[in-house]
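Working through the structure, step by step
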Amino acid sequence: MERKEAEKLEYKKPCSVPKDTAELLKVEEFIKDYRHFIDNAKTERGAVNYAEGEAVAKGFRPYTLGEPLKTGDKICYVNREKSVMLAVIGKKPLSEGCRIIASHIDNPRLDLKPQPLYENSGIAYFKTHYYGGIKKYQWTAVPLELHGVVYRADGTRVDINIGADPQDPVFYISDLMPHIGKDQMSKSASEFISGEGLNIINGSLPFDEDGGVKLKVLSILNEKYGITERDLITSELTAVPAIMSREVGFDRSLIAAYGHDDRICAYPSLRAIIDGDIPEHTSVIMLADKEEIGSYGVTGLGSESYPDFIRALCESTGESYLACKKASICLSADVGGAYDPCYAEAYEASNSVYLNRGVAISKYTGSRGKGGCSDASAETLSKVTQIFDKAGVAWQVGEYGKVDQGGAGTVASEIAHYGIEVVDCGVPILSMHSVTELASKYDIYEMYKASVAFLNS
Ligand code: MN
Ligand code: MN
């Protein structure tokens, strides 16, 4: 064998940056839409609203479990305002399986405690309880938005969305100045800002000459929203960074944004299903809540509400649910941790994924000895990589980092638990779970191409 021939036997990672100008324009168009989504849907409720709105505008109709369905029907099913499932009934019967893409729309953030409001030394604060895996020190000295709902004692509801509009005020967690930070700086990074230290400043004016900054905040909340301190108990309020997405680099190749994980996979799958025609196999996308805390709860992918939806689709078309599950295949669409040369010691370079190299397939996640993961079979990987190759989708494979360095979980284990074949595939990102995460425009667009190819397979 000639050397040139032998070199062809080697596997090389592809490149996701298109050479063709028309394709580059398509990427820019898609990224504009994606940025509009992430800048306007910073919580799971926001993402559900946005997705439902887009779907209805493209002809999807709300679906009641059990209502009859036929080929070509496009439906949308919202689960308690925090997760949403969309389906397009395909040409083949559901007993031949569906193509499912599952991703999550919750992000790490700071939730307010049930009794959050207090004052100390002339400043009014909210107590918080962080949600998901964060580096707590990143959340100080960053402007914050406040999102959520409050139910008044009489059951009426107020929606809260403060800080995204440049005219709005924002909220803030202070940090200690370095000048007197000797003791703080000698603590480990996991300790120098504590969970109880993440208190959000929300006011500083006294009610009157007798003081009362908390009272002043309560009076403003009452005037503006008609709520009392009691109503905060029946609320769900959450603080997220008041930072909009930005292009990064002289070449503008990257996007920095809060909560790419995992809206960066959710949006491409949403677009793939709403832009598409009638597929061969029924297409389903699941935008799930609570992944960041283990997929628990009635809106997390561990809930039966997800397989119930598939079962309902089968009943609505008179097909066997068991046969459907057995023949279905799912992409657990979640971000991959891209290789970061500045922290090379945490990665194993040859089994890492890289920016601008396409979507990241993970055969397994988990930690230590693959603990807690769904290990996709060679058969599943073969099916999915063939779909991607046929459609010209740039893909790469990799693990999160070094074997003993830690690890992660995704919704793949929940999907597998239902008896549905699944593999992880998503956009590689840097600074995962930071207040702003970084991803390549071209990999985001590749995720869209991957979603389209998968739903049409
Ligand atoms: Mn994720
Ligand atoms: Mn995550």
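What counts and what doesn't
- For every chain, the first residue of the written sequence is number 1, and numbering continues from 1 onward in sequence order.
- By the order in which they are written, chains take letters starting at A while ligands take numbers starting at 1.
- At least 70 in pLDDT is required for a residue's local features to be given in this predicted model, at least 80 for side-chain atom pairs to be given and counted, and no such filter applies to totals for whole chains, interfaces and linings, which use all residues.
- Heavy atoms from the whole structure form the basis of all side-chain values; hydrogens and water molecules are not counted.
- The helix count covers DSSP runs of H or I at least four residues long, the strand count covers runs of E at least two residues long, and both are numbered beginning at the N terminus.
- Residue exposure (1.4 Å probe, protein chains only): buried if accessible area is under 20% of the type maximum, exposed if over 50%, otherwise partly exposed.
- N or O atoms within 3.5 Å of each other form a polar contact, as long as, within protein, one can give a hydrogen and the other can take it, and as long as residues adjacent in sequence are counted only when both atoms are side-chain atoms.
- By convention in these notes, a salt bridge is any Lys or Arg side-chain nitrogen within 4 Å of a carboxyl oxygen on Asp or Glu.
- Only N, O and S atoms count as donors, using a 2.8 Å cut-off from the metal and 3.2 Å for Na, K and Ca, and because water is excluded some sites may appear unfinished.
- Definition of nonpolar core: a set of buried residues of the types Ala, Val, Leu, Ile, Met, Phe, Trp, Tyr and Cys, connected through side-chain atoms within 4.5 Å.
- Two residues qualify as a contact provided that any one of their heavy atoms is within 4.5 Å of a heavy atom in the partner residue.
- Paired strands are those between which DSSP finds at least two bridges.
- An automatic or database domain assignment provides the domain bounds reported here.
- Computed with a 1.4 Å rolling probe, the buried area is the accessible surface lost when two parts are put together, summed over both parts.
- Axis definition: a line fitted to C-alpha atoms, over the contacting stretch in the case of helices. Angles run 0 to 180 degrees between N-to-C directions.

For the rest of this paragraph, the subject is the side chain of T410. The residue T410 is located in the loop between β19 (407-408) and α11 (412-417) in this model. Given the relative accessible area of 7%, T410 is considered buried. Within polar-contact distance, the side chain of T410 engages the side chain of D424 at 2.8 Å.

Another aspect to go through is the pattern of salt bridges. For the structure shown, the criterion picks out 33 salt bridges. Ionic pairing is found between K42 and E145, a salt bridge with its closest N-O pair at 2.7 Å. Linking K42 in the loop between α2 (21-40) and α3 (44-57) with E145 in strand β7 (residues 144-151), this pair joins segments that are 103 residues apart in sequence. Across this residue pair, the class does not change: K42 and E145 are buried. The structure contains a network of salt bridges with shared partners spanning R45, E81, K82, R157, D159 and E236.

Surrounding the manganese ion (ligand 1) are the protein donor atoms H104 (NE2), D261 (OD), D334 (OD) and D334 (OD), at 2.1 to 2.5 Å. Binding-site remark: the manganese ion (ligand 1) is held by donors from one chain whose sequence spacing is H-x156-D-x72-D. The metal-metal distance between the manganese ion (ligand 1) and the manganese ion (ligand 2) is 3.3 Å, with D261 serving as a donor to both. With H104 in strand β4 (residues 98-104) and D261 in helix α7 (residues 260-275), the pair connects residues that are 157 residues apart, well separated along the chain. One exposure class covers both H104 and D261, and it is buried.

Glancing now at the nonpolar core. Ranked by internal contacts, the top residues of the largest apolar core, which has 58 residues, are L86, I264 and F388. The dominant element in this core, judged by the number of residues it contributes, is helix α12 (residues 441-455), at nine residues. For F388, the residues in contact, after removing those within four places along its chain, are L331, V359, I361, V393, W395, C425 and A450.

On to the pairing of strand β22 (residues 437-440), then. What you see with β22 is no split at all: E437 and A439 on one side and L438 and S440 on the other are buried throughout. One ladder, built from four bridges, connects strand β12 (residues 254-257) with β22; its direction is antiparallel. Following the sheet pairing, A256 is matched in β22 by L438. Examined bridge by bridge, strand β21 (residues 428-430) and β22 share two bridges and lie antiparallel to one another. Considered in β22, the bridge of L430 is made with L438. Taking the residues that link successive antiparallel strands as the turn, the β21-β22 hairpin has six residues, and the phi of S431 there is positive, at about 55°.

All right, on to the coordination of the manganese ion (ligand 2) then. Each protein donor to the manganese ion (ligand 2) is listed here as D261 (OD), E292 (OE), E292 (OE) and H433 (NE2); together their distances run 2.0 to 2.6 Å. Within one chain, the residues donating to the manganese ion (ligand 2) are spaced in sequence as D-x30-E-x140-H. On the accessibility criterion, D261 (3% relative accessible area) is buried. Residue classification places H433 among the buried positions, given a relative accessible area of 18%.

We note that the domain assignment places domain 1 (3-107 + 258-455) and domain 2 (109-241) within the chain. Here the C-alpha centre of domain 2 lies 33 Å away from the C-alpha centre of domain 1. Listed by partner, the interface residues are 17 residues for domain 1 and 14 residues for domain 2. Note on domain 1 versus domain 2: buried area summed over both sides is about 1,400 Å², and carbon and sulfur give 48% of it. The three residues of domain 1 that bury the most area against domain 2 are K42, Y258 and V435, which together make up 35% of that side's buried surface. At the junction of domain 1 with domain 2, the criterion picks out five salt bridges. With a closest N to O distance of 2.8 Å, R157 and E81 form a salt bridge. Linking domain 1 with domain 2 are eleven residue pairs in polar contact (both at pLDDT 80 or more).

All right, on to the sheet that holds β7 then. Overall, antiparallel pairing links the six strands, which are arranged β8-β7-β10-β5-β6-β9 in an open sheet. Every interior strand has two partners, whereas the edge strands, β8 (157-162) and β9 (200-203), have only one. Going across the sheet, the axis of each strand differs from the next one's by a mean of 30°, ignoring polarity. Bridging between strand β6 (residues 123-131) and β9 involves three bridges; their strand directions are antiparallel. Looking across to β9, one finds that F126 is bridged to I200. Against the sheet, helix α5 (residues 213-225) contacts β5 (109-120), β6, β8 and β9, and its axis sits at roughly 125° relative to β5.

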